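# Overview (structure and organization)
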Amino acid sequence: MCPIITAAKEHQAGATVLAHSAGTGSAFEIVAREDFSDVTFLIEFTHPQMARAARPGQFVIVLPHEHSERIPLTIADFDRDRGTVTLVIQAVGKTTQEMQKDCCVGARLFGVVGPMGVPSHIGSVGKVVCVGGGLGVAPVFPQARAFKESGAYVIGIVGFRSRDLVFWRDKFESVCDEFIICTNDGSVGIKGLVTDGIDSAIKKHDDIDEVIAIGPPIMMKCSAEATRPHKIRTTVSLNPIMVDGTGMCGGCRVIVDGKQKFACVDGPDFDGHKVDFDDLMNRLGRFTEEEKLAVRKWSEHCHQSEPLPHSTAEG
Amino acid sequence: MAKKTIRTIPQERTPIPVQDAAVRVENFDEVALGYNQENALNECARCLLCPEPACVKACPVCIDIPGFIEEISNGNFHAAYTILSDSNFLPAICGRVCPQEDQCEGVCPVGDTLEPVAIGRLERWLGDLAIQEGWAANPYKEPSDFKIGIIGSGPAGMACAADMAKAGCEVIVYEALHAPGGVLRYGIPEFRLPNHVIDAELSNLTKLGVRIECNTLVGRLFTIEQMREEMGFDAVFIGTGAGSPKFMEIPGESLNGVLSANELLTRCNLMGAGDFPATDTPLGLGRRVAVIGSGNTAMDALRVAKRLGAEKVYCVYRRTEAECPARLEELEHAQEEGIEFHWLTAPVEILDDGEGNIGAMRCVRMELGEPDDSGRRRPVPIDDSEYEFQTDMVVYAIGTNPNPIIGQTCKLTLNKWGYIETDETLATSMAGVYAGGDIVTGAATVILAMGAGRKAARSMKAYLGLRDNSAIYATAPDETINTLFGIDVEEKNFVRARLA
């Protein structure tokens, strides 16, 4: 029995009832689940309207249950025929660990809103490098696919810690003209980080028009630094803390080219050479203590389940 | 009954019981407890029942105020509610949050000699009584085949939805958040407007057949063009609010601990951050909280911070108390609750503690110079008056910008500030699409947004060829939107001069 289903029970009157009567039908029902590692998992949920509207680079805000926080997640894939949207999630905080435990097929998410953010600009470029590390491997896929569909020569670069954490290799290979896997231990592909992959791609091709890099801030920062000397346009997808995702709270403000921007409505894509990554990383640490407390409390609460690892698949 | 005169009515305005300041700073319960029936009857006796009531004209939704007061006096409470709810669908809300001193009560002739009739308190009492008794607003339905889309479930959208539903239309309200109510839900705190009151008023709307769809970001999930062309909406109303917070763009603003009042209030009111870790959304409240600005949003942020347990809560404002744009009652309540006010003070820099958090704030003292375009004396920094202000949380409540999403996703004409341009009927540049509330005027009040929602509904009915069945509009002034009771459209600000 999935706790999420029980969490959807009618609570007190008012907001709850209205939210439930929102006429969403079978929307937000999870129809597929796949686990890529002990922390990384995929959920696919139905939302035909969202599947039709979603474009590469956009994100959603998910509330797994009525009293959970609103967490932003970049859309990893969408299928207009099936009417579904796919998210790939790393269980690193309380809410994502809870989702890892509760989001099984047949369960329903309390709320998903999106697609949000300005879609990525898929211009008519000749040659593009799509780089995904850690959390960013999945979301860079729709971009690679869109570039391929627009006729570009697509070089895909993804980073994992080791061979057994690799996922979506087939999907990437189906849309990439070249595909490079980088692993920390060299168990598959290049031994090294995605920046090593970027360096080798730049060495091989002197006509790269654009690099798209999605992943942890440090990985995007290093990717931007790798392309800066070559003056290759580099687009990154920022993932700051946000509440509503509609431009209302300003919690997601980032500094780009010295100016304040709201990642949720001005982004999430920005010019990687102009982003102040140190500021972003500081702001991502805003609730470090609270996050630890929430995870500790939650692990105590479900002590009967196996302890969850806290490491991430680093790109 | 003998005609009442200023000399024959009860001279004293009936006081409203309030929670003691020392008690209420420890809880989120309502501050003003509301009238009982005896209080209400007593206060109704103070109304002169003017034959040409100024209060009705001063009300953005033209409530027949003497009409409902007379019915209360006669003991016909349900009839009184019917009169009230004909014009105002959300009386329990408006009775609590309207700036009555600038509207109905501000023009009450009793107020020339005595304190004006406490119209807001009476409205609240009647609204609460209706909720308690389960009275629904009077549906005045004529069947029609029209389908109306409303974007935003705040006061503007709700008012428009109610009128269109009463006109017999199928009405769907789209809300981007996971709970309806807009600013009433995420913005106004529980102690000023309890959620159960919002729920009760909204359920009246659903009883009229209005459907509310949450988790729907119009513009991104589907566009306004799609609503009109593909989804079968005969008319659309945009009431998305202005709510994109302004920052000052001074150094240190991205340090952790600096946030907008919108974020603080949303985390607390919508997400329950005050109960973290029992709830999942954290706030990270500072020990000493400084709120920049002194409007109603600032008052809310200050008083929430106080209730959540901040040791020191400061209001920092660059002008003086006389220019403070907050509702008088909110300012007084904040003062009673131990908020420290630092008038004529402006931040110039927020200092790092070395770990990416706020160490302190550098402020400059101000003085009032020559009047500016808004007629208020412009605050001017005093040379060499900078000093360090000790705080570990800085909350900006200095106004909002229009939300950019609608502008990004449709071809509506916007004005130079990014607000939606409308004509006097609230029609936008797109046929069948109307807009009202903060997204047109800039930040204003709940009741003005409701007034705009009703005005747009009237225009929509005309556009669709529906008979306007809300008789109250027969006497409604047409220039509601521009007279703006105390709000200067150009300056997008309250300009009430509170003379000391």
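In this text the structure is predicted, and so the values were computed from the model without any measurement.

Rules of the game
- Residues numbered from 1 in each chain as written.
- Chains lettered and ligands numbered in written order.
- Predicted model: local features only at pLDDT ≥ 70, side-chain atom pairs only at ≥ 80, totals over all residues.
- Heavy atoms only, no water.
- Helix = DSSP H or I, 4+ residues; strand = E, 2+ residues; numbered from the N terminus.
- Buried < 20%, exposed > 50% of the residue type's maximum accessible area, 1.4 Å probe, protein only.
- Areas by Shrake-Rupley, 256 points an atom, 1.4 Å probe, with all protein chains shown as cover.
- Salt bridge = Lys/Arg side-chain N within 4 Å of Asp/Glu carboxyl O.
- Phe/Tyr/Trp six-rings, centres within 6.5 Å; stacked < 30°, edge-to-face > 60°.
- Lys NZ or Arg CZ within 6 Å of the ring centre and 35° of its normal.
- pLDDT = per-residue confidence, 0-100.
- Contact = heavy atoms within 4.5 Å.
- Domains from an automatic or database assignment.
- Buried area = accessible area lost by both parts, 1.4 Å probe.
- Polar contact = N/O pair within 3.5 Å; in protein donor to acceptor, adjacent residues only side chain to side chain.
- Nonpolar A, V, L, I, M, F, W, Y, C, P; charged D, E, K, R; others polar.
- Pairing = 2+ DSSP bridges.
- Axes fitted to C-alpha atoms, helices over the stretch in contact; angles between N-to-C directions.

### Quick notes on the overall build of chain B
- Across its full length, chain B holds 20 helices and 18 strands.
- In terms of overall dimensions, chain B has a C-alpha envelope of 65 × 65 × 50 Å along the principal axes.
- Relative to its 500 residues, chain B shows a buried fraction of 63%.
- Of the accessible surface of chain B, which amounts to about 18700 Å², a share of 49% is contributed by carbon and sulfur atoms.

### A short note on the pattern of salt bridges
- One pass over the structure, following the stated rule, counts 40 salt bridges over all chains.
- Between Lys127(A) and Asp207(A) there is a salt bridge; the shortest N-O distance is 2.9 Å. Residue Lys127(A) is found in strand S8 (residues 127-133), and its partner Asp207(A) is found in the loop between helix H7 (194-204) and strand S12 (210-214); the two are separated by 80 residues along the sequence.
- Its relative accessible area of 39% is what places Asp207(A) among the partly exposed residues.
- Between Arg124(B) and Asp128(B) there is a salt bridge, with its nearest N and O atoms 3.5 Å apart. Placement of both Arg124(B) and Asp128(B) in helix H9 (residues 119-133) is noted, with a separation of four residues, approximately one turn of the helix.
- Classification of Arg124(B) by relative accessible area gives buried; the value is 6%.

### Observations concerning the packing of aromatic side chains
- If you walk through the whole model with that rule in mind, you get 19 aromatic pairs over all chains.
- Arranged with centres 5.5 Å apart and planes meeting at 70°, the rings of Phe160(A) and Phe167(A) form a pair that is edge-to-face. In this pair, the class of Phe160(A) matches that of Phe167(A), namely buried.
- Where Phe167(A) meets Trp168(A), the ring centres are 5.9 Å apart and the plane angle is 75°; that geometry is what we call edge-to-face. Pair check on accessibility: Phe167(A) and Trp168(A) agree, each one buried.
- Among the aromatic residues, those joined into a cluster by ring pairs are Phe36(A), Phe141(A), Phe160(A), Phe167(A), Trp168(A), Phe172(A) and Phe179(A).
- The positively charged end of Arg307(B) is found above the aromatic ring belonging to Phe191(B), 3.8 Å away from the centroid.
- Taking the ring centre of Tyr387(B) as reference, the NZ or CZ of Arg365(B) above it sits at 4.1 Å.

### A word on the confidence of the model for chain B
All names here are of chain B.
- Confidence in the prediction of chain B, expressed as mean pLDDT, is 86, and 91% of residues score 70 or more.
- Scored below 50 in pLDDT, residues 470-500 shows 76 contacts in the model against residues more than four places distant or in partner chains.
- Overall fold confidence for the complex sits at a pTM of 0.85, while the interface term, ipTM, reaches 0.85.

### Quick notes on the domain arrangement of chain A
All names here are of chain A.
- In terms of domain boundaries, chain A breaks down into domain 1 (4-116) and domain 2 (127-284).
- Counting residues at the interface gives 19 residues for domain 1, matched by 22 residues for domain 2.
- Together domain 1 and domain 2 conceal approximately 1700 Å² of surface at their shared face, both sides included; 65% is due to carbon and sulfur atoms.
- For the domain 1 face of the interface with domain 2, the top three residues by lost area are Phe36, Phe59 and Asp77, together amounting to 27%.
- Taken together, domain 1 and domain 2 are joined by two salt bridges.

### Observations concerning the confidence of the model for chain A
Residue and element names in this part refer to chain A.
- With 87% of its residues at a pLDDT of 70 or more, chain A has an overall mean of 85.
- A low-confidence stretch, residues 1-26 stays under pLDDT 50, and its non-local contacts, those more than four residues away or across chains, total 47 contacts.
- pLDDT under 50 marks residues 307-315. Its contacts with residues more than four places away, or in other chains, come to 28 contacts.

### Focus: the domain arrangement of chain B
Residue and element names in this part refer to chain B.
- The domain architecture assigned to chain B consists of domain 1 (21-133), domain 2 (147-243 + 402-464) and domain 3 (251-400).
- A straight line from the C-alpha centre of domain 2 to that of domain 3 covers 30 Å.
- With 17 residues of domain 2 at the interface, the matching set in domain 3 holds 14 residues.
- Summing both sides of the interface, domain 2 and domain 3 together bury roughly 1200 Å²; the carbon and sulfur share of this comes to 56%.
- Among the residues domain 2 hides against domain 3, the three largest losses belong to Tyr186, Phe191 and Arg192. Together they make up 47% of the total.
- Counting across the interface, domain 2 meets domain 3 through two salt bridges.
- Here arginine 192 makes a salt bridge to glutamate 330, at a shortest N to O gap of 3.3 Å.
- At the junction of domain 2 and domain 3, the tally comes to four residue pairs in polar contact (both at pLDDT 80 or more).
- Residue composition of the side of domain 2 that touches domain 3, by class: ten nonpolar, four polar and three charged.

### What about the environment of Met248(B)?
All names here are of chain B.
- Mapped onto the secondary structure, methionine 248 falls in the loop between strand S5 (244-245) and strand S6 (258-260).
- What makes methionine 248 partly exposed here is its relative accessible area of 29%.
- Sequence separation of methionine 248 and valine 348 is 100 residues, and the distance between their C-alpha atoms is 8.9 Å.
- Those residues in contact with methionine 248 that lie beyond four places of it in its chain are Glu253, Ile292, Pro347, Tyr396 and Ile398.

### Digging into the sheet that holds strand S2 (residues 40-46) of chain A
Residue and element names in this part refer to chain A.
- Taken together, the four strands give an open sheet; going across it, the order is S1-S2-S6-S5, and neighbouring strands pair in antiparallel fashion. Of all the strands in the sheet, just strand S1 (30-35) and strand S5 (77-79) have a single pairing partner and so form its edges. Between one strand axis and the next, the sheet turns by 20° as a mean value, whatever way the strands run.
- As paired strands, S1 and S2 are joined by five bridges and run antiparallel to one another. Note that in S2 the partner of aspartate 35 across the bridge is phenylalanine 41.
- Taken strand by strand, helix H4 (residues 94-102) contacts S1, S2 and strand S6 (84-90), and its axis lies near 70° from that of S2.

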